[in-house]
Amino acid sequence: MGYGEENGVNTLVIAASSLDDIVSISAFGVLLGIVFSTGDLTSKIVQGPEDVCIGTALGLLWGFFLIFVPPSPWAQVYQSQNENEMTEEKQVCHKKIEQSVTAQRAFLLGAGGFLAVTGSQWYGFPGAGPLACIISSFVAGTGWKWRVRKQNQNDNPVIPFDGDDEEQSQEDPVEKVFEHIWFGLQPVLFASIGTEIKFQLLVGDDNIIFTALMVLVFGLIVRTIVTALSVLGTGFNRNEVIFINVAWLPKATVQAALAPVALDMARMMGTELDNESARRLLTVSVISILVTAPIGALGIQWFGPKLLAKSSR
């Protein structure tokens, strides 16, 4: 085990970061729909709850569908529940079917998310699509692990796995597929953002760069205080609390993914003033990435061995 694993610091950092991304993306989609919605004040107020309800319903339906379609690999291997041995032939068959099922699950999950995002924008509910993607992924991943536990608790043969964690191995193949996709698309995303940056818009009497940095610093201070209060009484010592704050400092992927969305919406539905404001928002997001990402990465590497205890196991 590595640094901080004995007290679960790494698990907390990863889980909380994922939850933070979910809340940020969902809130951004809902608020974006409210800002660019047409109609009177009542329709704009109703737009947010409508996006949440539609996105939640779509995500739950698609997530539950993916739990059972396509069938799990072991469901296609066993001919009878009375068999209590996993032969070598069945292990080879299970491996081939597992690869096929992983590809099908990844395709269906990605295609469903793409249709949810594009369809929600087409029908005037832009906040519902991203929320549906997040909920469907969570429901599907949880359901896959639940089916594995249920299978291994019955009298059926225990499912063979390549990894050490039986539950995680049913979710990791799909996750790894999207990791490879993201690895290829990430440079394209940041390159496209770079072409949209107009630093000329930041030059003016209002000194927006200084204002953006002050907002960023103020937000990080508030986040540090809230983080310290949230882990109070959980058993973490002072050094671990400091490291948790450092690990949550970087900002990159969410800002890079969401900032261009506001610019696209401003171009399609906004005025020229909205377009200029969206460009400033995009540039400020890039500034936050350039400031926090290197500091956070260096801070994690430097503070990790100094603040966290390395497990002896």
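Small disclaimer: the values here were computed from a predicted structure and weren't measured.

Participant: Mind showing me how you'd approach the environment of Arg-147 here?
Facilitator: Mapping Arg-147 onto the fold places it in helix α4 (residues 128-153). In this structure, the C-alpha to C-alpha distance between Arg-147 and Phe-68, residues 79 residues apart in sequence, is 9.1 Å.

Participant: Quick question: what am I supposed to make of the UniProt feature "transmembrane region" (unreviewed entry) in the protein here?
Facilitator: In this numbering, the UniProt entry assigns the feature "transmembrane region" (unreviewed entry) to residues 22-39, 51-69, 122-144, 208-229, 241-261 and 281-303. As annotated, residues 51-69 has a helix share of 95% and a strand share of 0%, and its two end C-alpha atoms lie 26 Å apart.

Participant: Got a minute to help me understand the side chain of Asp-51 in this structure?
Facilitator: Here Asp-51 lies in helix α2 (residues 41-68). For Asp-51, a relative accessible area of 0% corresponds to the buried category. Not counting residues up to four positions away in its chain, the partners in contact with Asp-51 are Gly-29, Val-30, Gly-33, Phe-125, Pro-126, Gly-127, Ala-128 and Leu-131.

Participant: Sorry, what's going on with the environment of Glu-6 here?
Facilitator: Along the chain, the position of Glu-6 falls in the segment before α1 (9-35). Along the backbone, Glu-6 and Lys-310 are 304 residues apart, and their C-alpha atoms lie at a distance of 7.8 Å.

Participant: So what exactly am I meant to see when it comes to the nonpolar core here?
Facilitator: Generally speaking, soluble globular proteins have nonpolar side chains that are buried together. Counting residues in each nonpolar core, the largest one holds eleven residues, listed as Val-9, Val-13, Val-231, Phe-236, Val-241, Phe-243, Ile-244, Ala-247, Trp-248, Leu-307 and Leu-308. The biggest single contributor to this core is helix α7 (residues 238-247), with four residues. The residues contacting Phe-236, other than those within four sequence positions of it, are Asn-7, Gly-8, Val-9, Leu-12, Val-231, Val-241 and Ile-244. Ranked by size, the runner-up nonpolar core spans nine residues in total, among them Ala-259, Leu-263, Met-265 and Ala-266.

Participant: Would you mind showing me how to read the packing of aromatic side chains here?
Facilitator: Geometrically, a pair of aromatic rings is defined through the distance of the ring centres and the angle of the planes. Summed over all chains, the structure comprises two aromatic pairs. A centroid spacing of 5.1 Å and a plane angle of 20° characterise the contact between Trp-62 and Phe-65, whose relative ring orientation is stacked. Of this pair, Trp-62 and Phe-65 both sit in helix α2, three residues apart, roughly one helical turn. With centroids separated by 4.8 Å and ring planes inclined at 90°, the aromatic side chains of Trp-302 and Phe-303 adopt a geometry described as edge-to-face. The partly exposed category is assigned to Phe-303, whose relative accessible area is 29%.

About the cut-offs
Residues numbered from 1 in each chain as written. Predicted model: local features only at pLDDT ≥ 70, side-chain atom pairs only at ≥ 80, totals over all residues. Heavy atoms only, no water. Helix = DSSP H or I, 4+ residues; strand = E, 2+ residues; numbered from the N terminus. UniProt positions renumbered as here; feature names shortened; annotations may be inferred. Buried < 20%, exposed > 50% of the residue type's maximum accessible area, 1.4 Å probe, protein only. Contact = heavy atoms within 4.5 Å. Core = buried A, V, L, I, M, F, W, Y, C linked by side-chain atoms within 4.5 Å. Phe/Tyr/Trp six-rings, centres within 6.5 Å; stacked < 30°, edge-to-face > 60°.

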